[in-house]
Amino acid sequence: MRQLCKGNVAIVKGAILAGCRSFYGYPITPASEITEAAALYIPQVGGTFLQAESEVAAINMVYGAAAAGARVMTASSGPGLSLMQEGISYIAGAELPCVIVDVVRGGPGLGNIAPEQSDYFAMVKGGGHGNYHNLVLAPASVQEMADLTTLAFELADKYRNPAIVLADGFIGQMMEPLELEYRESAPPEKPWAVKGTPETQKNLISSIYLEPDDLEDHQRKLEAKYKRAQQTEPRWELYDTGDADILLVGYGITSRILRSAVEAARSQGQRVGLFRPITLWPFPSEALVKAASTVREVLVVELSNGQMVEDVRLALNGKVPVEFYGRTGGNVPSVEEIHADVLARMSVMFEREMLGRMMPVQ
Amino acid sequence: MSQDSKAMVKEAEAPAGYETVHAKSPVFYDIYERKAELKNQTHYCPGCGHGVAHKLIAEAIEDLGLQNRTIFVSPVGCSVFAYYYFDVGNVQAAHGRAPACATAIKRTCPEKIVISYQGDGDLAAIGTAEIVHAANRGEKIAVFFVNNAIYGMTGGQMAPTTLVGQKSTTSPWGRRPVNEGYPLHMAELLSTLEAPAYVERVALCDNKNIMKARRAIRRALENQRDGVGFSFVEILSPCPTIWGKEPVDARRWVLEKLVPAFPLNVFRDRKLDTSPSTMPPQRTVTDVLEISAKDESAQRVAVQHPHHFREYTIKVAGFGGQGVLLLGQLLTEMGMREGLEVSWLPSYGPEMRSGSAHCHVCLSKERIGSPLISHPDVLIAMNEISLRKFASQVVPGGVILYNRERLPADFALPQARVICIPASEIADKLGSTKVTNIVLMGALLEETECLLPDTAMSVLETKIKKLDLLEIDRQALAAGRNFIDSHVRVGAVSQPDGFAY
Ligand SMILES: Cc1ncc(C[n+]2csc(CCOP(=O)(O)OP(=O)(O)O)c2C)c(N)n1
Ligand code: SF4
């Protein structure tokens with residue numbers, strides 16, 4: 001049965017379906033509805049909700065709950081995520097599974113509360129200290145806010161790693177139909193957790209490795225885990241890419257606008273396609289290379305000054321020209337704006353081609 | 001040399017095979033396997049208070065039979081490696097955050113014994129917020145606060161508890177209150193809070209006081225075993241190495257300098273709080289997530305509506321409080337119930353504060369791309385500002401519903417068709433200005449036939465539980481529809497009073 005649901009609320013519903021019964025958070029626009037929904041729902045299904053004194057405390061509560069074996073989450077937006085970075089690094093170092101939601105708003109500093117995608121670097125590239133990666137999922141609809149949150153819990157447990165749901169102000173505030181199906185969630189056994197039982201008495205949750213060789217070994221182990229994730233977890237979506245001349249690349253809310261831009265272009269006979277990364281880490285590089293193998297140009301669109309575009313360039317490694325179109329400050333490009341930009345690029349592209357053909361052969 | 005320190009020396013000196021004066025508690029590992037080298041001895045300096053505090057805690061855990069239920073949270077500081085020694089569940093936490101970490105461990109495992117063990121830098125500087133709030137929430141944990149008036153691990157920097165005049169590497173001329181303020185009294189500070197059950201300060205300075213410390217530590221753990229509440233023991237503790245003193249002199253310094261500055265006292269000692277606490281209602285997951293089957297019938301729509309569009313977009317705009325966002329949500333819900341793909345995107349944030357609000361509603365037969373609408377098919381302008389701001393965005397041939405009897409005199413007519421409807425006045429007459437948005441909804445449905453009035457009523461019925469309010473809504477919906485019927489269809493009012501084509 002479909003229910004009309006806000007993106008932020010869908011996150012909590014997806015979490016509860018995944019068996020999450022612990023939430024520690026601190027309010028911030030545009031993520032507060034997550035904390036509010038958690039406060040309302042989680043205690044009613046027998047779970048723990050606590051409003052922490054800060055995001056610093058919240059993430060360390062997440063650390064504690066995860067150490068004790070709970071499926072646990074927190075949610076915030078840019079400034080809160082900045083405060084959480086130390087804790088996320090500890091969580092990654094101690095290999096604790098948890099889910100962290102970032103409903104991205106405008107930055108840097110206090111910025112504003114309108115949507116941006118400017119936390120890509122902070123979430124996808126790490127942000128905290130040390131060698132580690134977060135698993136990062138980017139929902140583009142209310143349904144995916146729930147589904148990818150559920151998936152985030154599964155991946156977090158599978159890899160014993162923090163998983164981030166990277167949304168934006170619009171996806172968080174939007175309402176769309178949400179279809180949920182009840183199923184028994186079965187969080188895996190966590191024999192490594194510290195539960196205050198005779199069986200777990202010898203367990204230790206820590207990220208300290210005093211001896212350089214030990215720390216190096218630990219990091220190699222992490223690295224191997226990240227490699228495995230890179231091989232099996234990339235997720236993406238293609239739209240009309242088959243015969244595209246220009247391939248648009250965008251995630252989250254931007255991908256929705258790009259989808260409409262593709263439709264607008266196609267309705268006028270222009271061959272434009274869309275590649276939407278669903279996992280931002282691991283980045284679906286191979287799939288992108290494949291999708292871009294026959295296009296003439298790739299246009300990356302982000303609500304940032306150009307962050308994901310670096311991963312696109314790395315993936316394509318000079319094989320195709322990669323251009324960038326960004327809006328920031330809470331400005332979101334309109335479909336018409338993107339379509340016009342695509343048209344302009346196409347005409348330059350064709351003009352160049354015509355000129356090339358007309359050049360006398362030496 | 002006092003009796004006690006002789007015993008200490010003996011114990012420290014006794015290598016394997018020698019007579020042991022004090023047996024090691026089985027709560028300690030026999031051999032410290034987690035330590036890289038010298039696995040038979042601790043990493044603490046001779047005479048360090050941490051060793052004594054560890055011993056007292058281990059013995060209390062042993063005596064109370066709590067070993068296989070205990071979770072020990074080690075901080076960052078000299079005791080960061082407490083997990084080398086304690087044969088209990090161990091969690092190492094970030095600098096200062098042990099109380100937050102312990103909070104969540106305890107809430108995850110309420111029956112277990114959770115200990116947060118922290119130094120003065122950890123607890124009274126970087127982790128001040130965490131300890132104050134854990135105490136203020138009355139977390140049922142035990143906190144052992146080792147106050148040695150200095151940062152040990154990082155090599156002797158000033159702590160918040162460093163005495164006035166005491167030299168450290170970061171207060172090279174002695175702590176000067178004008179520059180660094182005064183020593184922080186955590187036990188006193190926490191005992192100003194209502195929630196803590198037990199707060200005591202003890203000192204590891206001589207036998208008598210060590211026995212008091214032993215009792216306090218035991219007490220804190222008993223409290224937790226019995227579910228009494230937040231227990232905090234501040235332990236004044238020697239750090240001979242950084243203080244540059246012999247172990248015995250360091251103990252004396254605790255007695256002579258630290259104790260006068262940090263008076264020993266039981267600041268709080270409360271029995272089990274038995275006042276009843278309210279529990280939230282418990283419901284099933286399917287109920288809480290609203291995915292139980294029983295709602296299904298309410299949402300089924302009897303009539304299939306052959307929507308005349310592939311995609312239809314509506315922008316609703318007005319002041320906050322006019323029900324702008326709600327009207328959008330209702331339309332979205334109706335679209336969903338009629339089997340369409342739908343999206344609702346609100347304006348949020350600073351714009352809302354200044355009093356204006358708008359939202360985008362998208363109804364579609366196919367998967368919706370952008371939920372942002374640059375050119376709506378319909379604008380519902382609930383005030384003049386919205387009309388002026390958004391009228392030009394409406395597609396040529398689109399519809400503008402304007403909540404007034406007539407257009408502003410200087411208003412340049414857009415390419416869309418404008419219908420003026422005094423919805424607020426109609427709503428007032430029905431007895432509630434609040435249903436202005438429903439009057440406009442009636443007008444929208446009648447004029448554009450984008451969704452069915454029946455669906456509107458079925459949505460309103462599920463949203464509005466009070467029957468008298470529902471009745472007003474029903475009338476408002478009808479009034480909006482009638483207005484269109486009698487005015488547009490009959491053409492009773494001519495432009496520019498009512499309509500502008
Ligand atoms: C975020 C952060 N800042 C600084 C440090 C460095 N640091 C480690 S321990 C410590 C102070 C320890 O002093 P205290 O808590 O009094 O414990 P002691 O070593 O005296 O037992 C500091 C500043 C750190 N580990 N993390
Ligand atoms: S430096 Fe001080 S606190 Fe640290 S182990 Fe040595 S004596 Fe103990």
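This is a predicted model, so every value here is computed, not measured.

Across its full length, chain B holds 19 helices and 14 strands. Split into buried and exposed, the 501 residues of chain B put 56% on the buried side. Within chain B, counting contacts between residues at least 6 apart in sequence, those at least 24 apart form 65% of the total. As displayed, chain B offers around 21,600 Å² of accessible surface, 53% of which is attributable to carbon and sulfur atoms.

Bringing the site of ligand 2 into the picture now. Taken together, Y44, C45, C48, H50, C78, N148, C239, P240, T241 and I242 of chain B are the residues near ligand 2. Its residues assigned to classes, the shell around ligand 2 comprises seven nonpolar, three polar and no charged.

On to the domain arrangement of chain A. Residues and elements named next belong to chain A. Domain parsing of chain A yields domain 1 (2–232) and domain 2 (236–358). Taken residue by residue, the interface counts 31 residues in domain 1 and 26 residues in domain 2. Together domain 1 and domain 2 conceal approximately 2,400 Å² of surface at their shared face, both sides included; 57% is due to carbon and sulfur atoms. The largest per-residue losses of area from domain 1 upon contact with domain 2 belong to Q117, Y120 and F121, which jointly make up 30% of the total buried on that side. At the junction of domain 1 with domain 2, the criterion picks out three salt bridges. Note that E144 and R276 form a salt bridge whose closest N and O atoms lie 2.6 Å from each other.

Attention shifts here to the packing of aromatic side chains. Under the counting rule described, the total for this entry stands at 18 aromatic pairs over all chains. Ring plane angle 25 degrees and centroid distance 5.8 Å describe the contact between F23 of chain A and F49 of chain A, whose orientation is recorded as stacked. Remark: F49 of chain A occurs in strand β3 (residues 48–51) and F23 of chain A occurs in strand β2 (residues 22–25); sequence separation between them is 26 residues. Taking the relative accessible area as the measure of exposure, F23 of chain A reaches 0% and is therefore buried. With a centroid separation of 5.9 Å and 45 degrees between ring planes, the pair formed by Y44 of chain B and Y85 of chain B is classed as tilted. Highlighted residues: Y44 of chain B in the loop between α1 (3–13) and α2 (49–63) and Y85 of chain B in the loop between β1 (70–74) and β2 (89–92), separated in sequence by 41 residues. Exposure remark for Y44 of chain B: the relative accessible area of 11% places this residue in the buried category. Its relative accessible area of 1% is what places Y85 of chain B among the buried residues. Taken together, the ring pairs in this structure connect Y32, Y44, F81, Y83, Y84 and Y85 of chain B into an aromatic cluster.

Moving on to the site of ligand 1. By nearness alone, 17 residues border ligand 1, and H50, C78, D120, D122 and G152 of chain B come closest of all. Those chains with residues close to ligand 1 are chains A and B. Within the contact set of ligand 1, an oxygen atom lies 2.8 Å away from a backbone nitrogen or oxygen of C78 of chain B. The side chain of D120 of chain B places a nitrogen or oxygen atom 2.5 Å from an oxygen atom of ligand 1. Here ligand 1 has 590 Å² of accessible area as a free molecule, and 77% of this is covered by the chains. Among the elements that take part in the shell around ligand 1, helix α4 (residues 120–126) of chain B stands out by supplying four residues, more than any other.

Quick look at the nonpolar core now. Within the largest apolar cluster, 166 residues are counted, with the highest numbers of intra-cluster contacts made by L248, V298 and V312 of chain A together with F232 of chain B. Of the residues forming this core, the biggest block, ten residues, is contributed by helix α6 (residues 142–159) of chain A. Among residues more than four places away in sequence, those in contact with V312 of chain A are V249, F283, L288, V298, V300 and V322 of chain A. Of all hydrophobic cores here, the second largest spans 51 residues; its members include L340, M382, L444 and L445 of chain B.

Moving on, we come to the sheet that holds strand β11 (residues 236–239) of chain A. The strands making up a sheet are joined through hydrogen bonds of the backbone, oriented either antiparallel or parallel. All names here are of chain A. Across the sheet, five strands lie side by side as β11-β13-β12-β15-β16; this open sheet has mixed pairing. What marks the edges here is a single partner per strand, and that holds for β11 and β16 (322–326). Taking each pair of neighbouring strands and ignoring which way they run, the sheet shows an average axis angle of 20 degrees. Summarising the sheet, strand β12 (residues 246–249) and strand β15 (residues 297–302) pair through four bridges and their orientation is parallel. For L248, the partnering residue across the bridge sits in β15 and is L299. Running over the sheet, helix α9 (residues 252–267) touches β11, β12, β13 (272–277) and β15 and is turned about 165 degrees from β13.

On the surface, a cluster of nonpolar side chains totalling about 340 Å² of accessible area is made up of M354, L355 and M358 of chain A. Its place among the elements puts M358 of chain A in helix α12 (residues 335–358).

Considering all chains together, one arrives at 47 salt bridges over all chains under this definition. We note a salt bridge from R474 of chain B to E471 of chain B, for which the minimum N-O separation is 3.2 Å. One end of the pair, R474 of chain B, and the other, E471 of chain B, are both in helix α19 (residues 467–489), three residues apart, so they sit about a helical turn from each other. Each of E53 of chain A together with R107, R137 and E139 of chain B takes part in one network of salt bridges that share partners.

Here we take up unusual backbone geometry. Residues and elements named next belong to chain A. The amide bond that connects G107 to the next residue, P108, takes the cis arrangement and shows omega of -5 degrees. Relative to the helices and strands, P108 is located in the loop between β5 (98–106) and β6 (112–115). In this model, W281 is joined to P282 through a cis peptide bond whose omega is -5 degrees. Among the secondary structure elements, P282 is positioned in the loop between β14 (279–281) and α10 (285–291). Even without being glycine, E95 reaches a positive phi, approximately 55 degrees. Mapped onto the fold, E95 is located in the loop between α4 (78–93) and β5.

This part takes up the interface of chain A and chain B. Taken together, the contacts link 73 residues of chain A with 75 residues of chain B. Of the roughly 5,900 Å² buried between chain A and chain B on both sides combined, carbon and sulfur atoms contribute 62%. Ranking the residues of chain A by area buried against chain B places M1, R2 and Q44 of chain A at the top, with a combined share of 12%. Linking chain A to chain B there are six salt bridges. Here D87 of chain B ties to K202 of chain A by a salt bridge, and the two come within 2.8 Å at their closest N and O atoms.

Calculation rules
Every residue gets a number counted from 1 within its own chain, in the order that chain's sequence is written. To read the labels, note that chains go from A and ligands from 1, taken in the order they are written. Two thresholds apply to this predicted model, a pLDDT of at least 70 for residue-level local features and 80 or more for giving and counting side-chain atom pairs, whereas whole-chain, interface and lining totals are computed over all residues. The side-chain quantities take in all heavy atoms of the structure and omit both hydrogens and water. In this description a helix means any DSSP run of H or I spanning at least four residues, a strand means any run of E spanning at least two, and both kinds are numbered starting from the N terminus. Buried, partly exposed and exposed residues are distinguished by accessible area as a fraction of the type maximum, computed with a 1.4 Å probe on protein chains only: under 20%, between the cut-offs, and over 50%, respectively. Here, two residues are considered to be in contact whenever any of their heavy atoms come within 4.5 Å of each other. Accessibility throughout is a Shrake-Rupley quantity obtained with a 1.4 Å probe, and a residue counts as covered only by protein chains that appear here. Think of it this way: one heavy atom of a residue within 4 Å of a molecule or strand is enough to make that residue near it. Any residue outside Ala, Val, Leu, Ile, Met, Phe, Trp, Tyr, Cys, Pro, Asp, Glu, Lys and Arg is labelled polar, Gly included; the first ten of those are nonpolar and the last four are charged. These domain boundaries are the output of an automatic or database domain assignment. Reported buried area values correspond to the accessible surface (1.4 Å probe) lost by two parts on association, with both partners' losses combined. Should a side-chain nitrogen of Lys or Arg be within 4 Å of a carboxyl oxygen of Asp or Glu, the pair is scored as a salt bridge. When two rings of Phe, Tyr or Trp (its six-membered ring) have centres within 6.5 Å they constitute a pair, described as stacked for plane angles under 30 degrees, edge-to-face for angles over 60, and tilted for the intermediate range. Counting of polar contacts relies on pairs of N or O atoms within 3.5 Å, with two restrictions inside protein: one atom must be capable of donating a hydrogen and the other of accepting it, and residues adjacent in sequence are counted only when both atoms are side-chain atoms. What is meant by a nonpolar core is a set of buried Ala, Val, Leu, Ile, Met, Phe, Trp, Tyr and Cys residues, joined one to another through side-chain atoms within 4.5 Å. For two strands to count as paired, DSSP must find a minimum of two bridges between them. For every element, the axis is a line fit to its C-alpha atoms; helices are fit only across the contacting stretch, and the angle between N-to-C directions ranges from 0 to 180 degrees. Patches were defined on residues exceeding 30% relative accessible area and lacking a salt bridge, with like-charge contacts within 9 Å and nonpolar side-chain contacts (Val, Leu, Ile, Met, Phe, Trp, Tyr) within 5 Å.

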